[in-house]
Amino acid sequence: MSEVKLSAETRTEFGKGAARRIRRDSKVPVVLYGHGTEPVHLTLPGHDLLLALRTPNVLISLDIDGKTNELAIPKAVQRDPLKGFLEHVDLLLVKRGEKVTVEIPVHAEGELAPGGNLLEHVLNTLPVEAEATHIPEAVTVSVEGLAAGASVQAKDITLPSGVTLAVEEDAVVLQVLQAQVEETEGEAAEAGEEQAEA
């Protein structure tokens, strides 16, 4: 679990105009929620935050105005739909040792059984509960040799120590589908001849 330190500044201006000014300065408007406290409005350096958010569920150590340090994880990220830059980010305040529910990416490895089978990701992410400072970046599932009709359920996935499922155990995460068989050229020609005769 990577921890990224970012310098944050409290902000007093709100609204679309203020948000545009913040983004023009290569910063991102951020709201920090959690622990029953009032939301804290901050700005963070845009490029540094963008790099940090490349890691799923990154733990962010915030140095707020050089006075206080807080730990947070990303809760919601709004990006510009065309240009992809960060428009606004919601962060959730966490404490060391505290359990949080997050979604971690599921990666499949290995070769399916021969026969042109297809692997469907029913869940791209797996909801889990983990200590805020020990959130796994992803889980890897072996699909080696799985044939059509096989599936991997949440309970089949090995989780790191201290991490528990936050979804039904029998929830299907991955399943193997039989590839659609295309007509061969000969069959297609025969079908065409039958239609012509009719």
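Presented here is an overview of the structure given in this document. (Residues numbered from 1 in each chain as written. Predicted model: local features only at pLDDT ≥ 70, side-chain atom pairs only at ≥ 80, totals over all residues. Heavy atoms only, no water.)

### Side note on the overall build of the protein chain
For the protein chain, the count of helices and strands is three helices and 13 strands. Scored against the burial criterion, the 198 residues of the protein chain give a buried share of 33%. Once local pairs closer than 6 in sequence are excluded, the contacts in the protein chain between residues at least 24 apart make up 63%. (Helix = DSSP H or I, 4+ residues; strand = E, 2+ residues; numbered from the N terminus. Buried < 20%, exposed > 50% of the residue type's maximum accessible area, 1.4 Å probe, protein only. Contact = heavy atoms within 4.5 Å.)

### Let's talk about the pairing of strand β10 (residues 139–142)
Burial along β10 is one-sided: the residues Val139 and Val141 are buried and none of Thr140 and Ser142 is. Both strand β7 (residues 99–109) and β10 contribute to a ladder of four bridges, which runs parallel. When the sheet's bridge partners are listed, Glu109 is paired in β10 with Ser142. (Pairing = 2+ DSSP bridges.)

### Things to note about the pattern of salt bridges
This model, assessed by the stated rule, comprises one salt bridge. Close ionic contact of Glu9 with Lys27 constitutes a salt bridge, the shortest N to O distance being 3.3 Å. Of the two residues, Glu9 is situated in strand β1 (residues 3–10) and Lys27 in strand β2 (residues 27–33); the sequence distance between them amounts to 18 residues. Overall, Glu9 belongs to the partly exposed group, its relative accessible area being 40%. Among the residues examined, Lys27 registers a relative accessible area of 28% and is labelled partly exposed. (Salt bridge = Lys/Arg side-chain N within 4 Å of Asp/Glu carboxyl O.)

### So, the nonpolar core
The biggest cluster of nonpolar side chains holds 23 residues, and the ones touching the most others in it are Leu126 and Ile157. When residues of this core are traced back to their parent elements, those giving at least two are β5 (68–79), β7, β9 (125–131), β10 and β13 (172–177). The residues contacting Leu126, other than those within four sequence positions of it, are Val102, Glu103, Ile104, Val106, Val139, Ala154, Ile157, Leu159, Leu165, Val167 and Val173. Grouped together as the second largest cluster of nonpolar side chains are 19 residues, Leu6, Val30, Ile64 and Leu91 included. (Core = buried A, V, L, I, M, F, W, Y, C linked by side-chain atoms within 4.5 Å.)

### A short note on the sheet that holds strand β6 (residues 86–94)
Strands sit in the order β1-β3-β2-β6-β5-β4 around a closed barrel of six strands; the barrel is mixed. For this sheet, the mean inter-axis angle between neighbouring strands, taken without regard to orientation, is 45°. Relative to β5, strand β4 (residues 59–64) runs antiparallel, the two sharing five bridges. Residue pairing for β5: Ser61 is matched across the bridge by Leu71. (Axes fitted to C-alpha atoms, helices over the stretch in contact; angles between N-to-C directions.)

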